[in-house]
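# Chains, contacts and geometry: an overview
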Amino acid sequence: MDEVTQAVENLKKEWSQAVSQLEESIAAIGSCGKTGKGTEEANSLPRLNGSAQDALQLLKSLQFRLDLLAQQLPTFEEVQSGQATLESWDAQYKKLRASLRNANLQAKENIRKAAQEERELLLGGGEQSTIRRRNLQTKAGMTSAAESITESLRRSRQMMVQEVERSASTLATFDESTSVLRKAEGEYQGHRSLLMRTRGLLSTMQRQDVLDRVILTIGFIIFFLAVLYVVSRRIGLLTLQRKLADAIRSGSLSAEDIVAKARHGPAAANAPAAAPPIYDEL
């Protein structure tokens with residue numbers, strides 16, 4: 001079971017125990033004054049109310065802790081269930097608070113009636129009334145001392161409950177901060193791998209850029225050499241044409257010689273002239 005789910009289950013158990021304790025205190029407050037001991041039970045009423053108020057504060061603290069944990073449950077269904085439990089707890093808390101108010105009203109009415117009966121009994125006179133007054137004075141002193149000690153203990157317990165609530169809130173904040181830091185670490189790892197891939201792609205693009213520049217440079221050089229070759233050939237042909245034209249104009253070369261050179265090539269043109277025929281004079 002998940003840690004958050006287990007914590008929610010523990011809160012539900014604590015809630016049930018606190019509700020049972022509060023219901024017992026409310027029942028004790030409601031029955032206060034019904035036994036006929038109005039003064040004694042009037043002195044014990046603040047103690048019972050203090051215990052009930054402690055139980056209410058504990059219930060409020062459990063609601064606050066459940067509200068924090070419900071948002072951290074692993075599944076959506078569990079979150080919805082936690083919210084429903086929180087709403088039912090809030091309704092139950094309001095109902096118990098109203099019951100406590102009604103029990104206090106009932107207790108005050110019972111104590112008032114019991115005190116009136118005791119007053120009538122004390123004012124009646126006789127030995128029984130005297131003994132009754134002495135017992136009431138002794139019990140009132142003991143009850144007052146006990147109530148003072150109980151009130152001090154209640155205040156100490158209330159301070160401890162507040163410190164526990166503050167510590168629980170601090171722990172919940174720490175848990176939330178830890179989860180945020182874990183998410184940030186995961187995102188950082190993802191960005192780091194992305195940056196590594198981007199760096200590799202940039203290195204590949206740089207190498208491809210250098211290769212493209214080399215290819216373009218070699219192609220430009222080859223193109224320039226081809227153009228230079230074509231231009232040089234073109235200039236050579238023009239020079240040859242100019243020389244031939246000059247030779248024809250000067251008469252040193254005839255058109256027939258040019259045709260013969262074109263047909264037979266330079267070898268036929270440069271061949272030695274045939275020897276003149278020799279005639280026998282005899």
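This text follows the structure it describes.
Below: a short report on this structure.

Rules used in this analysis
Residues numbered from 1 in each chain as written. Predicted model: local features only at pLDDT ≥ 70, side-chain atom pairs only at ≥ 80, totals over all residues. Heavy atoms only, no water. Core = buried A, V, L, I, M, F, W, Y, C linked by side-chain atoms within 4.5 Å. Buried < 20%, exposed > 50% of the residue type's maximum accessible area, 1.4 Å probe, protein only. Helix = DSSP H or I, 4+ residues; strand = E, 2+ residues; numbered from the N terminus. Contact = heavy atoms within 4.5 Å. Phe/Tyr/Trp six-rings, centres within 6.5 Å; stacked < 30°, edge-to-face > 60°. Patch = residues over 30% accessible without salt bridge, like charges linked within 9 Å, V, L, I, M, F, W, Y side chains within 5 Å. Areas by Shrake-Rupley, 256 points an atom, 1.4 Å probe, with all protein chains shown as cover. Salt bridge = Lys/Arg side-chain N within 4 Å of Asp/Glu carboxyl O.

What follows covers the nonpolar core. Side chains of a nonpolar character, in soluble globular proteins, are inclined to be buried together. Membership of the largest hydrophobic core comes to 29 residues, with the highest contact counts inside it found for Trp-15, Leu-22, Ile-29 and Leu-59. Elements represented by at least two residues in this core include exactly helix H1 (3–30), helix H2 (38–70) and helix H3 (76–122). Once residues lying within four places of it in the same chain are set aside, the contact partners of Trp-15 are Leu-59, Leu-62, Gln-63, Trp-89, Gln-92 and Tyr-93.

Before going further, it helps to spend a moment on the packing of aromatic side chains. Enumeration according to the criterion identifies 1 aromatic pair in this entry. With a centroid separation of 4.3 Å and an interplanar angle of 0°, the aromatic rings of Trp-15 and Trp-89 are classed as stacked. Of this pair, Trp-15 sits in helix H1 while Trp-89 sits in helix H3, placing them 74 residues apart in sequence. Exposure remark for Trp-15: the relative accessible area of 4% places this residue in the buried category.

With respect to the secondary-structure elements, Ala-28 resides in helix H1. Considering only alpha carbons, one finds Ala-28 and Asn-104, 76 residues apart in sequence, at a separation of 9.9 Å.

What follows covers a nonpolar patch on the surface. A cluster of nonpolar side chains, Phe-220, Ile-221, Phe-223, Phe-224, Leu-225, Val-227, Leu-228, Val-231 and Ile-235, forms an exposed patch at the surface whose accessible area comes to about 900 Å². One can find Leu-228 in helix H4 (residues 127–250).

This part is about the side chain of Asp-54. Relative to the helices and strands, Asp-54 resides in helix H2. In contact with Asp-54, not counting residues within four places along its chain, are Arg-154, Arg-157 and Gln-158.

Coordinates in, geometry out; function isn't part of it.
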